[in-house]
Amino acid sequence: MFQVDDSIYAAILEQVRSIEFNNEVDRRMAELREQFKTKEEAVRTSAEKDYEKQLSQKDIEMGRLETELARLKGIINNYEATKKSEISELENAKAKEIFDVISAKDKLIAELESQISNSAEAHKVAILEERNSMAADVQQKEKRIIELESKLESDKLAAEKREVQLREQHKLQLQDKEAEIERLRDYRLRLSTKMVGETLEQHCSIKFDEAQSMGLFPNATFVKDNQAVEGTKGDFIFRDYVDGEEYVSIMFEMKNEMDATTTKHRNDDFLEKLDKDRQRKNCEYAVLVSMLEQDNELYNNGIVDKSHRYPKMIVIRPQFFMPVLRLISEGAKRGFLDRHALIKELEAAKNQSMDFAKFEERINRFRTTFSKSVMDAHKKYAAANDGIDKVIEMLEKQIKALRDVKANFDASEQKLLKANEIANEDLTIKKLTYGTPSIRKMIEDAAGTK
């Protein structure tokens, strides 16, 4: 089973937390920017509205005073016209009185004009003072923003340093995982055979020698086919004997192919030649030991019978070399012994005038027994093959898991790069403290303490 080290698991969890933290910082920064922008617009709009409102009020007041002045001037003009008429009628007696009235009206007009002028000047002075106050406030805020931007720059440098450390750590972990994947891939290849090229033949030869050293096939031979017939020959010929009489013979052909081979071959490409070699060397069975078509589940699942294309033709992977050899030889031996026993019984039956029906019954029993033995052996080897398949499936899952880890590391690196870009563009003190007066006050207090 593939084990994940606790430190690696902790690093992955830390990475996930860092990503969540960065996402939360980005989200909070966006909110602060929006809040700061909204508040700034609101303040600006409010100031402009107040200024426009005050200006409008002053304009209304001035308009009212001007209207009143025009009305008074109209009254005065009317009055003057009336008085001139009356003066002409009352002559010099009332001239002094009219003059006094006109003087009083002129004085009133002068006072009203002076009040209007003074009010306009006072309004202008108030507006100027308010503008100066707002400018001082803006200057103070800009100074605070500069201080916060300086602190943000230092935080940014620390974050970049941490990012470099994480990237180096992830790079080392990735190299370790790639080495582990390569080791597992090599181990999976060795599950079938450690041999390539001609060494596949050596593998089968060594396996046969080991079997003989344990007492199996004491009378059998497994020799390389060095004699070419009609220009072709097989790789190995297996023959076994009982009391000096051959009861089974197998023509073996070994085929392997490296992963880097440009032209890929198929197992079926070699069956016709193997069948001809079997017939030319008078062999009963033909077996192709093949590493071709490594992704073909038909051949990876166990022993493949090709007798529907060529008589007594079988294709196997190298790990099934000894099982199929024992399956064929033991079945053939039982058949050979049963056949000899039947022949002896037949001779005895002929000598004793046995009934032919009894002979036929024994023949049928032999066929049933032989078929049952072959199927039982096939079930055992199929069960063993299932176990091997489960091991291979487990290793493939581990390889897939390691590839997923590698993909996560790649995705994490990309997210770190993206976070760095966002920090460079958007992570400023001005934007971070927008809409958060409490945080701004904390930073100001800290700056004041220093």
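Scroll up a little and you will see the structure.
A brief look at the structure comes next. (Residues numbered from 1 in each chain as written. Predicted model: local features only at pLDDT ≥ 70, side-chain atom pairs only at ≥ 80, totals over all residues. Heavy atoms only, no water.)

You can see Glu68 is positioned in helix α1 (residues 6-90). Sequence separation of Glu68 and Leu112 is 44 residues, and the distance between their C-alpha atoms is 9.2 Å. (Helix = DSSP H or I, 4+ residues; strand = E, 2+ residues; numbered from the N terminus.)

Tallying each qualifying case throughout the model produces nine aromatic pairs. Ring pairs connect the aromatic residues Phe208, Phe217, Phe222, Phe236, Phe238, Phe252 and Phe321, which therefore count as one cluster. (Phe/Tyr/Trp six-rings, centres within 6.5 Å; stacked < 30°, edge-to-face > 60°.)

A few words now on helix α4 (residues 271-280). Buried within α4 are the following residues: Leu271, Leu274, Asp275, Asp277 and Arg278. Down the axis of α4, the buried set is contained in an arc of 160°. They therefore lie on one face. Asn282 lies just past α4 and shows a positive phi near 55°. (Buried < 20%, exposed > 50% of the residue type's maximum accessible area, 1.4 Å probe, protein only. Arc of directions from axis to C-beta.)

With that settled, consider unusual backbone geometry. One non-glycine residue, Asn282, lies in positive phi territory at about 55°. With respect to the element layout, Asn282 can be found in the loop between α4 and β4 (285-290). Residue classification places Asn282 among the exposed residues on the basis of a relative accessible area of 61%. In this structure, Lys312 takes a positive phi of about 50° despite not being glycine. You can see Lys312 is positioned in the loop between β5 (304-305) and β6 (313-316).

Summarising the element assignment, Lys281 is placed in the loop between α4 and β4. Dropping the residues within four chain positions of it, Lys281 is found in contact with Asp225, Gln227, Val229, Lys233, Ile237, Arg239 and Met251. (Contact = heavy atoms within 4.5 Å.)

Mapping Phe270 onto the fold places it in the loop between β3 (245-255) and α4. Under the relative-accessibility criterion, Phe270 is labelled buried at 18%. Between the alpha carbons of Phe270 and Leu288 there is a distance of 8.3 Å; along the sequence they are 18 residues apart. Beyond its immediate chain neighbours, meaning those up to four positions away, Phe270 contacts Lys255, His265 and Leu292.

To continue, consider the environment of Asn256. Here Asn256 lies in the loop between β3 and α4. Between the alpha carbons of Asn256 and Pro318 there is a distance of 9.9 Å; along the sequence they are 62 residues apart.

So, about the sheet that holds β3. Strand pairs in the sheet, formed through backbone hydrogen bonds, run parallel or antiparallel to each other. Taken in spatial order, the six strands of this open sheet run β1-β2-β3-β4-β6-β5, and their pairing is mixed. The strands lining the two open edges of the sheet, one partner per strand, are β1 (221-224) and β5. By the bridge criterion, four bridges tie β4 to β6 in an arrangement that is parallel. Paired with Val289 across the strands is Ile316, a residue of β6. Along the sheet, α4 contacts β3, β4 and β6; its crossing angle with β3, the most-contacted strand, is approximately 150°. (Pairing = 2+ DSSP bridges. Axes fitted to C-alpha atoms, helices over the stretch in contact; angles between N-to-C directions.)

Right, let's talk about the nonpolar core for a bit. If you look at the biggest cluster of nonpolar residues, it comprises 28 residues, and the most contacted ones within it are Phe222, Phe238, Ile250, Phe252, Phe321 and Leu325. Those elements giving two or more residues to this core turn out to be α3 (199-213), β2 (236-242), β3, β4, β6 and α6 (321-352). With seven residues, the top contributor of residues to this core is α6. When sequence neighbours within four positions are dropped, the list of residues in contact with Phe222 reads Cys204, Ser205, Phe208, Phe236, Ile237, Phe238, Phe252, Met254 and Phe321. Core analysis: the next-biggest nonpolar cluster, separate from the first, contains twelve residues, Cys283, Tyr299, Tyr310 and Met313 among them. (Core = buried A, V, L, I, M, F, W, Y, C linked by side-chain atoms within 4.5 Å.)

Looking at the element boundaries, Glu253 is found in strand β3. Overall, the relative accessible area of 5% leaves Glu253 in the buried class. Not counting residues up to four positions away in its chain, the partners in contact with Glu253 are Lys233, Gly234, Asp235, Lys273, Leu274, Asp277, Val287, Leu288 and Val289.

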